[in-house]
Structures are given as C-alpha cells and as structure tokens.
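One-letter residues, chain by chain:
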Amino acid sequence: MNLFGLPLSDLVDLVRSHRLPDYRARQVAQWLYRHHADTVADMTNLPTELRETWADEHTVDSPQPQSVEESSDGTRRYTWVAPGEDIYESAVIPEEDRLTLCVSSQAGCRIGCKFCLTARKGLRWNLSSAEILGQYRNLPEREEVTHIVYMGMGEPLDNTDEVLKSLSVLNGEWGYAVSPRRITVSTVGILPDLEHLLDRSDVNVAVSLHAARREERLPLVPAENRHPIATTLELLRHRANLRLPPFPGTGRRRLSFEVVMLDGVTDRPDQAEALRDLIRGIPSRVNLIPWNSFPGTTFRPSSRQAIERYQAVLKRAGVTATIRESRGQDIGAACGLLAGRHHAESRAAAPDAGTPGVAAGRLSGQAE
Ligand code: SF4
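Draft legend 1. Representation of the overall build of the protein in the model. The number of helices and strands found in the protein is 12 helices and 12 strands. For the protein, with 368 residues in total, the buried portion stands at 48%. Here the analysis covers contacts within the protein between residues at least 6 apart in sequence; of these, 66% occur between residues at least 24 apart.

Below you can see the structure in the form of structure tokens.
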C-alpha cells in the first residue's frame with residue numbers, strides 16, 4: 001500500500017490493524033507530510049521491527065513533475081503523468097502578495113463544458129489523493145505557495161473521496177497545516193457531494209455558474225441536466241438561512257460564483273441581472289473570468305467593455321464582482337486553455353527526465 005496521501009484516520013486504522021497505539025499513526029503522518037520521508041525506513045522513531053515489516057508491505061510514492069514551462073508573466077505550468085501515460089497539469093501563479101498553486105483533481109474531465117478543451121479529452125483518470133498532493137509536495141517552489149485552488153483539470157466533486165482525503169492532509173495540523181482559508185475548491189455544483197464538502201471541510205468553495213437561466217446554462221454545462229444550478233442555489237440559500245457553513249457566523253469561509261465571459265453568450269447585461277436575482281440573499285462574491293480562445297471553437301472572448309458592463313450591473317446591486325486577470329496565456333496555462341498535447345509530446349519537449357522542459361495543458365482558474 002502507498003502510505004503517501006493517506007489521511008490520519010486511515011493511518012489510525014492501519015496502526016490499529018497492527019495492534020499498535022494510535023500515536024504511531026500521528027508519527028507516521030508527520031514523517032510523510034512534515035519531514036517528507038521517501039521510505040518507511042526513514043521513519044526512525046518507529047520500532048525497528050515495524051519498520052522492517054512495513055518496508056516490505058508499504059511504499060511512500062508521490063509523482064514527480066515531468067516538465068515545466070514558464071510564461072512571460074511568470075506563471076509556470078507543470079506536467080505530471082498518470083498511469084496509462086495520461087497527463088495532468090498544475091499551474092503556479094505569482095501575484096503581488098501571493099503565490100497560488102492550481103491543482104488538477106482528474107486527468108481529463110467528463111463534465112463536458114462546451115467552452116473547455118479538457119472536456120474534449122473526456123475523463124481519463126481519477127487522481128488519487130497521492131497524485132493530487134504530489135502536485136504540492138514535489139513542487140520546487142512548495143515553500144513559497146500561499147494559496148491552493150482545485151481549479152485545474154477535472155471536476156473535484158466527480159472525485160470527491162480522493163479530494164476530501166487530500167484536503168484532510170493539506171489542512172491537518174499533523175499534515176501540511178495549510179489553512180483552509182487559503183484553499184478553494186471549484187465545482188459545477190454536484191449534489192450531494194457539495195453538501196459533503198461543505199460539512200466535512202472548511203475550505204472556500206467556488207461554484208462555476210456561467211449562466212443563471214437553465215436554458216442558457218444547459219448548452220454550456222451539460223451537468224445542468226443532472227445537477228440543476230437552481231437546486232444548488234436552493235441548498236446554498238437554505239444553508240445561508242440556517243447560518244450553516246460556509247456562511248457568516250460559521251467561520252470566515254468564502255463562497256464565490258464563477259462566470260466565464262463569452263461574447264454574446266454569457267456577457268449580456270440581462271444575464272447579469274438574472275445572476276443578481278439568482279444569488280440574492282446568499283452571501284457571496286462573483287468572479288468574472290475572461291475566456292481564452294482555442295482552435296476549433298466558435299466561442300469568442302468577451303470584450304473588456306462587455307465584462308465591465310456586466311460587472312457594473314452586479315456592483316449596482318451591491319454584489320462584489322471581480323474581474324480576473326488572465327495569466328499564463330502564452331503557455332496555455334491561462335483560464336480555459338486545455339491539455340492539447342499528449343504525454344509523449346510533452347516528454348519530447350523536456351530536455352531530460354526530471355529537468356524543466358516544456359509542457360502543454362489547460363488550467364481553469366486562479367486564486368481567490
Ligand atoms: S470547465 Fe472544468 S468541469 Fe467543465 S469540462 Fe472543463 S475541467 Fe470539466
């Protein structure tokens with residue numbers, strides 16, 4: 001069994017199965033996530049006999065980046081390889097006062113959003129907790145990362161168990177001890193998994209809304225069929241009324257709604273009004289995301305003027321609405337750009353294994 005990626009609760013089960021006291025699980029967690037042990041043999045405060053037995057039974061495996069490309073604006077995109085040679089990617093986005101790591105939760109995605117190139121690849125592989133956390137553990141600039149967003153490839157709540165495990169390790173004081181206030185999970189609004197996420201973690205949540213009216217959202221986000229945004233909003237409004245997480249009085253967790261700005265498709269003032277009405281009464285903010293085009297699509301990015309017009313409608317209603325700046329466009333790491341190349345191609349572009357090279361892929365978000 002691979003020990004890396006296991007949350008404390010699983011490690012407790014493991015040590016109990018060996019008739020060991022629970023504190024041994026905490027020691028193992030600290031070796032894995034504080035001291036970055038590479039093998040069981042490194043865990044020197046475990047009894048020698050146990051280390052020898054475990055060395056035969058367990059590994060400590062986490063993926064290493066295969067290649068990296070840096071944008072002219074300082075954004076870096078890392079490529080990782082899943083079994084079957086499918087690639088997944090992370091982006092590291094430097095801003096004035098923060099460094100945001102954008103991780104993938106799946107290789108590919110099956111949600112099928114029409115403006116997203118990753119959707120065309122379909123779902124190739126659900127990343128394990130180890131594969132999600134490896135994007136943090138083995139990042140050369142890990143120590144400088146201030147924020148982590150689950151906005152890379154994939155729908156996190158289509159892989160909820162592994163995402164929750166990874167969040168537990170990131171947040172745990174026995175783990176990486178990253179504050180949940182500095183972590184955001186993005187979702188199109190998969191129920192009941194969104195409720196599980198809200199109940200079982202304290203992270204920020206970003207709902208990819210894009211269009212408030214069902215007839216306008218459905219052609220963009222096919223998941224609207226099984227997971228109508230109206231139902232998601234009903235859940236959020238109910239929780240807001242009861243002051244259940246993530247709403248005021250239950251910590252400083254933040255809820256945001258994301259709208260990708262497509263010319264004439266999502267950016268009209270009447271659509272901003274529909275959004276304003278839909279989210280009324282739900283403490284939240286709205287992020288407007290400039291879209292980046294790719295070959296073979298009929299969508300066009302909204303003009304800055306249209307985005308600002310949309311923003312103005314929300315602001316007049318007292319809604320906090322932010323326009324994201326597009327980053328990493330020249331290396332395909334900007335919002336909406338996709339994993340266009342295959343593993344073989346990205347490896348060919350890398351000078352040698354483990355050395356920074358050139359990758360390609362799609363990452364869909366930036367920091368809150
Ligand atoms: S935008 Fe996100 S949820 Fe939609 S298809 Fe792309 S990766 Fe999946």
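Draft legend 2. Up close: the environment of arginine 213. Position of arginine 213 relative to the elements: it lies in the loop between β9 (204–208) and α8 (214–217). Residue class for arginine 213 comes out partly exposed when judged on the 14 C-beta atoms lying within 10 Å of it. It is 8.0 Å that separates the C-alpha atoms of arginine 213 and glutamine 271, two residues lying 58 residues apart in sequence.

Draft legend 3. Spatial organisation of the sheet that holds strand β10 (residues 255–261). Here 10 strands make up an open sheet; going across it, the order is β1-β2-β3-β4-β7-β8-β9-β10-β11-β12 and the pairing mixed. The open sheet has two edge strands with one neighbour each: β1 (67–70) and β12 (320–323). Between one strand and the next, the sheet's axes are offset by a mean angle of 20 degrees, whatever the strand orientation. Relative to β9, strand β8 (residues 183–187) is paired through 4 bridges, and the arrangement is parallel. Considered in β9, the bridge of threonine 187 is made with valine 207.

Draft legend 4. Geometry of the nonpolar core. By size, the foremost hydrophobic cluster in this structure holds 91 residues, and its most contacted members are Val28, Leu32, Ile148, Val205, Val259, Met261 and Leu288. If you tally residues by element for this core, the top one is helix α2 (residues 23–33), at 6 residues. Built from parts of two domains, this core gets at least three residues from each of domain 1 (8–57) and domain 2 (67–349). If we skip the residues at most four places from it in the chain, leucine 288 touches Val259, Met261, Ile307, Tyr310, Gln311, Ala321, Thr322, Ile323 and Arg324.

Draft legend 5. Representation of the packing of helix α5 (residues 129–137) against helix α6 (residues 160–171). Two elements in contact, α5 and α6, have axes whose closest approach is 8 Å; the angle formed by their N-to-C orientations is 45 degrees. Accordingly, the angle class assigned to the pair α5 and α6 is oblique. In this structure, α5 meets α6 at a crossing whose hand is right-handed. Residues Ser129, Ile132 and Leu133 of α5 pack against Glu162, Val163, Lys165, Ser166 and Val169 of α6. Of the residues belonging to the contact of α5 with α6, the class tally is 4 nonpolar, 2 polar and 2 charged.

Draft legend 6. Summary view of helix α9 (residues 229–241). With 13 residues, α9 should cover 18 Å at 1.5 Å per step; its first-to-last C-alpha distance of 18 Å lies within 8% of that length. All of the buried residues along α9 are Ile229, Thr232, Leu233 and Leu236. The arc enclosing the buried residues of α9, seen along the axis, measures out at 95 degrees, which places them on a common side. Along α9, exposed side chains directed more than 90 degrees from the buried face belong to Glu234, His238 and Asn241. Buried-residue contacts for α9 involve α7 (193–200), β9, α8, β10 and α10 (269–279).

Draft legend 7. Fine view of the packing of α10 against helix α11 (residues 304–316). Put simply, α10 and α11 touch, their axes get as near as 9 Å, and they point 35 degrees apart. Between α10 and α11 the crossing geometry is right-handed. Here Pro269, Ala272, Glu273 and Arg276 of α10 come into contact with α11, specifically with Arg309, Tyr310, Val313 and Leu314. Across the contact of α10 with α11, the residue classes tally to 5 nonpolar, no polar and 3 charged.

Draft legend 8. Structural view of α10. By the burial criterion, the buried members of α10 are Ala272, Leu275 and Ile279. Across the axial projection of α10, the buried residues extend over an arc of 60 degrees, all falling on one side. Seen from the buried face of α10, the exposed residues on the opposite side, beyond 90 degrees, are Asp270 and Asp277. Residues of α10 that are buried sit in contact with β10, β11 (285–290) and α11. Immediately downstream of α10, the backbone of glycine 281 shows phi near 90 degrees, a positive value.

Draft legend 9. View of unusual backbone geometry. Here the amide bond leading from leucine 191 into proline 192 is cis, since omega sits at 5 degrees, within 30 degrees of zero. Phi is positive for alanine 177, which is not a glycine, with a value near 55 degrees. Judged by the 12 C-beta atoms lying within 10 Å of it, alanine 177 falls in the exposed class. The residue histidine 210 is not glycine, and still its phi comes out positive at about 70 degrees. Here histidine 210 shows up in the loop between β9 and α8. C-beta crowding within 10 Å serves as the criterion here: with 26 such atoms nearby, histidine 210 is assigned to the buried category.

Draft legend 10. The arrangement of the environment of threonine 118 in detail. By secondary structure assignment, the location of threonine 118 is in helix α4 (residues 118–121). Residues threonine 118 and alanine 107, spaced 11 residues apart in sequence, show a C-alpha to C-alpha distance of 8.8 Å.

Draft legend 11. Local environment of the pairing of β10. Within β10, 7 of the 7 residues are buried, which leaves it mostly tucked inside the rest of the structure. Where burial is concerned, the two faces of β10 agree: the one with Leu255, Phe257, Val259 and Met261 and the one with Ser256, Glu258 and Val260 are both buried. Pairing geometry for β9 and β10, over 4 bridges, is parallel. Looking across to β10, one finds that alanine 206 is bridged to serine 256.

What counts, and at which threshold
- Residues numbered from 1 in each chain as written.
- Predicted model: local features only at pLDDT ≥ 70, side-chain atom pairs only at ≥ 80, totals over all residues.
- Helix = DSSP H or I, 4+ residues; strand = E, 2+ residues; numbered from the N terminus.
- Buried ≥ 20, exposed ≤ 12 C-beta atoms within 10 Å, placed from the backbone.
- Contact = placed C-beta atoms within 7 Å.
- Pairing = 2+ DSSP bridges.
- Axes fitted to C-alpha atoms, helices over the stretch in contact; angles between N-to-C directions.
- Core = buried A, V, L, I, M, F, W, Y, C linked by C-beta atoms within 7 Å.
- Domains from an automatic or database assignment.
- Parallel < 35°, antiparallel > 145°, perpendicular 65-115°, else oblique.
- Left-handed = near helix turned anticlockwise from the far one by under 90°.
- Nonpolar A, V, L, I, M, F, W, Y, C, P; charged D, E, K, R; others polar.
- Expected span 1.5 Å × (residues − 1).
- Arc of directions from axis to C-beta.

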